[in-house]
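Chain and residue survey
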Amino acid sequence: MKLYNISLRNLKRRKAKALMLLLSLAIGIATIISVYSIAESMKKELTNQVSEYGVNVIISPDTGGLTFSYGGITLPEILYDVKQLTNEDYHVISNTESGNMIRAVIPKLLGFGLTDDGRSLMISGSDIEKEFSLKPWLSLSYGTLTDKIHDNQIITGSSAAALLDASAGDIIEISEKQMEIIGILKETGSAEDHQIFMNLSAVQELLDMENKLTVIEMAVDHSAGSEDALISEIKTKLPHLN
């Protein structure tokens, strides 16, 4: 007698047990497939939400760095061969072959400016309208964000406004230039609270860094292609970026 004949006769004698076993296997397989489908659906939905919510790729210049150990003490990193982002890098990124993935590109210059009484404030220069549209958590508690921000107009973070004791509509002096506060941000609990927002061109002129950038922020739609392929393409065209 062959093995399969023994198995068949055993199943015939224990029909109820065999049926329960098959039913258990079917339920187990169906459960695994359902859980996997739900997990994949949640992953896709989360990816789409992240893609639509703010900046998700930050491009910075590549820099060399060295750390030294002396007598058991590790010395801080020393930077060398420091590169600088420029407006041209921004235009190259904006016109990549994988540009269909890029929802928005925001060039940004960060620095410090001095008030008329010598206090130092962080200044962020960018395309303000585009940045605020991509970062919905940035909203004004006072003032109005107009369609076009002029180079002599600024928006202050909540902490920066408190430090300056300033309100929307006030005129303040930053690095010997008169600036009008057109809005004050609601408190975010992040670095934006301490910043002053200006047009990129205004900050480049104010800091005497014409054509220079600190970082380039991108909002990338992951559903439109591979982020790795996009980053690889950018690095090929601009190898000095990180």
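The structure under discussion appears in the preceding block.
This write-up is about the structure you can find in this document.

1. A look at the overall build of the protein chain
Across its full length, the protein chain carries seven helices and 13 strands. Across the 242 residues that make up the protein chain, the buried fraction comes to 34%. Relative to all contacts within the protein chain whose residues are 6 or more apart in sequence, the contacts with residues 24 or more apart total 70%. Accessible surface computed for the protein chain: about 14800 Å², of which carbon and sulfur atoms make up 56%.

2. Some remarks on the nonpolar core
Grouped together as the largest cluster of nonpolar side chains are 36 residues, with contacts concentrated most on Ile 93, Met 198 and Met 218. One finds Ile 128, Leu 140, Ile 149 and Ile 182 within the second-largest nonpolar core, a separate group that totals nine residues.

3. Section: unusual backbone geometry
Phi at Glu 176 takes a positive value of approximately 70°, unusual for a residue other than glycine. Residue placement: Glu 176 occurs in the loop between strand E9 (171–174) and strand E10 (177–185). Even without being glycine, Asp 208 reaches a positive phi, approximately 55°. Relative to the helices and strands, Asp 208 resides in the loop between helix H6 (200–206) and strand E12 (212–213). Residue class for Asp 208 comes out exposed when judged on its relative accessible area of 70%.

4. What to know about the pairing of strand E6 (residues 120–126)
Working note: regular strand, side chains alternate between the two faces of the sheet. Buried residues dominate E6, accounting for five of its seven residues. Two successive antiparallel strands, strand E5 (residues 102–114) and E6, enclose a turn made up of five residues, where Gly 118 displays a positive phi of approximately 90°. Relative to strand E11 (residues 195–199), E6 is paired through five bridges, and the arrangement is parallel. Note on E11: the bridge partner recorded for Ser 124 is Phe 197.

5. A look at the pattern of salt bridges
Overall, the coordinates contain seven salt bridges when judged by the stated rule. Note that Asp 117 is salt-bridged to Arg 119, the shortest N-O span being 2.8 Å. Taking the shortest distance from any N to any O, the salt bridge between Lys 177 and Glu 205 comes out at 2.8 Å. Here Lys 177, found in strand E10, pairs with Glu 205, found in helix H6; they are 28 residues apart in sequence, far enough to count as distant. Its relative accessible area of 31% is what places Lys 177 among the partly exposed residues. Because the salt bridges share partners, they merge into one network encompassing Lys 108, Glu 131, Lys 135 and Glu 217.

6. Points about helix H7 (residues 227–237)
Taken residue by residue, H7 has Leu 230, Glu 233 and Ile 234 as its buried positions. Along the long axis of H7, the arc covered by the buried residues comes to 95°, so they all point the same way. Opposite the packed face of H7, turned more than 90 degrees from it, sit the exposed residues Asp 228 and Thr 236. Buried-residue contacts for H7 involve helix H3 (87–94), E5 and strand E13 (215–220).

7. With respect to a nonpolar patch on the surface
Side chains of Met 20, Leu 23 and Ile 27 sit close together on the surface and give an oily, nonpolar patch of about 310 Å² of accessible area. As for its placement among the helices and strands, Leu 23 is situated in helix H2 (residues 15–52).

8. Comments concerning the environment of Leu 121
Secondary-structure assignment places Leu 121 in strand E6. When the C-alpha positions of Leu 121 and Ala 160 are compared, they lie 7.5 Å apart, and in sequence the two are 39 residues distant. The contact partners of Leu 121, leaving out residues within four places of it in the chain, are Gly 111, Phe 112, Gly 113, Thr 115, Leu 163, Leu 164 and Ile 196.

9. Re H3
Those residues of H3 that fall on the buried side of the exposure criterion are Asn 87, Asp 89, Tyr 90 and Ile 93. All buried residues of H3 lie within an arc of 155° about the axis, which places them on one face of the element.

Reading guide: rules and limits
Residues numbered from 1 in each chain as written. Predicted model: local features only at pLDDT ≥ 70, side-chain atom pairs only at ≥ 80, totals over all residues. Heavy atoms only, no water. Helix = DSSP H or I, 4+ residues; strand = E, 2+ residues; numbered from the N terminus. Buried < 20%, exposed > 50% of the residue type's maximum accessible area, 1.4 Å probe, protein only. Contact = heavy atoms within 4.5 Å. Areas by Shrake-Rupley, 256 points an atom, 1.4 Å probe, with all protein chains shown as cover. Core = buried A, V, L, I, M, F, W, Y, C linked by side-chain atoms within 4.5 Å. Pairing = 2+ DSSP bridges. Salt bridge = Lys/Arg side-chain N within 4 Å of Asp/Glu carboxyl O. Arc of directions from axis to C-beta. Patch = residues over 30% accessible without salt bridge, like charges linked within 9 Å, V, L, I, M, F, W, Y side chains within 5 Å.

Interpretation note: all reported values are geometric properties and have no functional meaning in isolation.
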